[in-house]
Every structure is written in structure tokens, then in C-alpha cells.
Amino acid sequence: MTTTETGTRDPDALVRRAGKRADTRQDQHFLVDDRVLDRIPEYATDAGVDLSHVLEIGAGPGALTDRLLAAAEKVTAVERDPKFAAHLREEFAEEISADRLTVVEDDALDVDLPEFTASISNLPYGASSEIAFRLLPEQRPLLLMFQQEFAERMAAEPATDDYGRLSVTAGHYADVEIVETVPPEAFDPQPRVTSALVRTTPRTPDYTVPSDEFFMDFLKAVFTQRRKTMRNAVRNTAHISGLGDPDAVVEAADEDLMSARAGKLTPADFATLATLAYEVGQPEA
Ligand SMILES: C[S@@+](CC[C@H](N)C(=O)[O-])C[C@H]1O[C@@H](n2cnc3c(N)ncnc32)[C@H](O)[C@@H]1O
């Protein structure tokens, strides 16, 4: 087995041993830059993240899996492509028998997630949104590679061009920071875009929401009308948010919040409005 100076497997050799041409339609761009691979678990350990059970989504040939196994007690690697799942089972047979690695051959969007202490993944970019919206409510530290533009939207502050539903959701559940941008040359095959590694640290907000599900549905609805005032957005999207009496919400809400556009409001503002919507805007039973 070819290993690097630090004793981990050589990523190019892993890609070769996986023996399968990357299918870019399945977002198969593999990390092969040792320096980037070495830094990824360090971003987690530097932040004191509990690595007793790391969830990796989209393990591919396993270069990141290998670095995670060097830093974590246990890793669960989810991989949808049967050929890569078979390769992982063969390549990491020892770690699997020692119960340090579990390979789950399934779609990360459907599979039941294990109890994990952190997720560290170089994600399939086509599924970034679904995966982020799935992982954030789990309230675990995340270290995830995304396309840079997506990462910037996730970390965006209110009243900026990038701020949207993703930023509100991320900011509600976590403190979000971009820890590194990664050029296409770090991958094989190279993607057309620059990538960025995002670290999220779960936060306990100093406000409450009626329920996570209601809050998420409310955000989804009003952000379909992000250029409208909240007054109009709440009224026009009642069919999406399921509100029976949007006018009651508009009347009861603070005038300043109703006159603002969605892109200016903080997660706390949205929580205030969602709570009001839950209390006075729901359809009569
Ligand atoms: C960008 S590659 C990353 C591979 C590896 N982690 C690395 O860093 O080299 C994304 C991987 O996710 C897998 N994948 C794509 N969609 C998936 C899904 N919905 N569920 C699980 N795995 C998926 C692909 O087959 C591919 O191996």
C-alpha cells in the first residue's frame, strides 16, 4: 500500500485502486491534494470538536475517509455509488473488522442517519442544499466542502446580496465560517468551480421558534417572495406556509418587520414572525 509521509494512504493511489472512472454527473471530483486533506481534520480538532463518531457523506475512493480514521474513533461513510462502496469495503477491510468504519451504501438524502458527533465531508455539490438542510437541524459540528458560491450564501449576513433562506437557516442553527477556499487543482477530475470548506458550530439561540418544521416551512414560503415586503410575502405565500389567516399575522406584527424585505431580517426577526404566524395565523381546527 502506498502511504504518505504521515502514514496515511496516498490519495492518487486510492483513486487508481478504486479503478473506476469518475462520473462527474454524480459529482465525483476527488480530493487528491495531501495538504488540503491533512488540514481538514485539523480544522475540527482545533475547534475542540468531538470526533468519537464522524459521519462522512460521499466517501468516493476514501482519501478523506482515511484521514478521518486517523483522527476519529469511529467513522460512518455513506456512499451511493455501488462500485465505490465495494472499493471502500475492500480497501478498509481492517478498519471495518475493528468496528472503526461502517460503510453505508445508500443515498445520503434518504438514508437514516446514525447518531454522529460531527460530520466531515467533501460533498456532492449537486446535493449541497438538501444535505445542508438535513444536517443543520441535527445540531452537530459540521465541516463541509461546498462550491464557494454556496458556502458564501450559507455564511452571508443580512442585507447582503448572498443572504437568503440558506443563510437564515444556517445562522439559526449555528455559527458559520468559511475556513478555507480550495482551488480546482486540489481535485481529480478538476471541477469548473472553486470550492470552500465551511465549519459550523451549533448555537443555542436566545429566542424560540414554535417548531423547527413550522419555522422551516415559514422561511421557505416567504423567501419565494424575497423582493416583496414581508406584509405582501406573508399574504402571497399563505398557500405555501399553510397559514389560514395571513391578515391576522400582518395586523398583529410589528410595522417595521412587515415593511422590511426578507433579505433584511435576522434569524431572530424570522423567529418572532413565525411564532406570531403559529399563534394567530393557523387555520381553524
Ligand atoms: C465530491 S465526491 C467526494 C469523494 C471523496 N469524499 C473525496 O473527497 O475524494 C462526492 C461523492 O459523493 C457520492 N455521492 C453523490 N451523490 C450522493 C448521494 N446522494 N448520497 C451519497 N453519496 C453520493 C459520489 O459518488 C462521490 O463519490
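Keep in mind the model is a prediction, meaning the values are calculated, not measured. (Residues numbered from 1 in each chain as written. Predicted model: local features only at pLDDT ≥ 70, side-chain atom pairs only at ≥ 80, totals over all residues.)

**Structural notes on the site of the ligand**
Then step 1. Around the ligand, a shell composed of 23 residues is seen, among which Phe30, Gly58, Gly60, Asn122 and Pro124 lie nearest.
Then step 2. Counting residues per element, the ones that place at least two in the shell around the ligand are β1 (30-31), α3 (63-71) and β3 (74-79).
Then step 3. For the shell around the ligand, the residue count by class is twelve nonpolar, six polar and five charged. (Near = placed C-beta within 6 Å. Helix = DSSP H or I, 4+ residues; strand = E, 2+ residues; numbered from the N terminus. Nonpolar A, V, L, I, M, F, W, Y, C, P; charged D, E, K, R; others polar.)

**Description of the domain arrangement of the protein chain**
Many authors give the size of an interface as the accessible area that is lost as the parts come together.
Then step 1. For the protein chain, the assigned domains read domain 1 (11-202) and domain 2 (212-280).
Then step 2. Computed from C-alpha coordinates alone, the two centres of domain 1 and domain 2 are separated by 33 Å.
Then step 3. Contacts between the two partners involve ten residues from domain 1 and, on the opposite side, eleven residues from domain 2.
Then step 4. Taken together, the residues that form the side of domain 1 that touches domain 2 break down as five nonpolar, four polar and one charged. (Domains from an automatic or database assignment. Contact = placed C-beta atoms within 7 Å.)

**A short note on the UniProt feature "domain: Ribosomal RNA adenine methylase transferase N-terminal" (unreviewed entry) in the protein chain**
Then step 1. Per the UniProt entry, the sites bearing "domain: Ribosomal RNA adenine methylase transferase N-terminal" (unreviewed entry) are residues 36-204 in this numbering.
Then step 2. In residues 36-204, the share of helix is 36% and the share of strand is 27%. The end C-alpha atoms are 31 Å apart. (UniProt positions renumbered as here; feature names shortened; annotations may be inferred.)

**What about helix α8 (residues 165-173)?**
At 3.6 residues per turn, the α-helix brings residues three or four places apart onto the same side.
Then step 1. Among the nine residues in α8, nine count as buried, and that is most of the element.
Then step 2. The set of residues buried in α8 consists of Arg165, Leu166, Ser167, Val168, Thr169, Ala170, Gly171, His172 and Tyr173.
Then step 3. For α8, the secondary structure elements touched by its buried residues are α6 (128-135), α7 (148-155), β7 (174-182), β9 (195-202), α9 (212-222) and α14 (267-280). (Buried ≥ 20, exposed ≤ 12 C-beta atoms within 10 Å, placed from the backbone.)

**Things to note about the pairing of β9**
Then step 1. Taken across its eight residues, β9 has six buried, putting it largely inside the fold.
Then step 2. Of the strand pairs in this sheet, strand β6 (residues 142-147) and β9 are connected by six bridges, and their pairing is antiparallel. Paired with Gln147 across the two strands is Ser195, which belongs to β9.
Then step 3. In this sheet, β9 lies alongside β7 in antiparallel orientation, the contact comprising eight bridges. Note that in β9 the partner of Ile178 across the bridge is Val198. (Pairing = 2+ DSSP bridges.)

**As for the sheet that holds β6**
Hydrogen bonds along the backbone pair up the strands of a sheet, which may run parallel or antiparallel.
Then step 1. On the basis of which strands lie adjacent, the open sheet formed by seven strands has the order β4-β3-β2-β5-β6-β9-β7 and mixed pairing. Only two strands of the sheet have a single neighbouring strand rather than two, namely β4 (101-105) and β7. When the angles between neighbouring strand axes are averaged without regard to direction, this sheet yields 25 degrees.
Then step 2. Against the sheet, helix α4 (residues 82-91) contacts β3 and β4, and its axis sits at roughly 165 degrees relative to β4. (Axes fitted to C-alpha atoms, helices over the stretch in contact; angles between N-to-C directions.)

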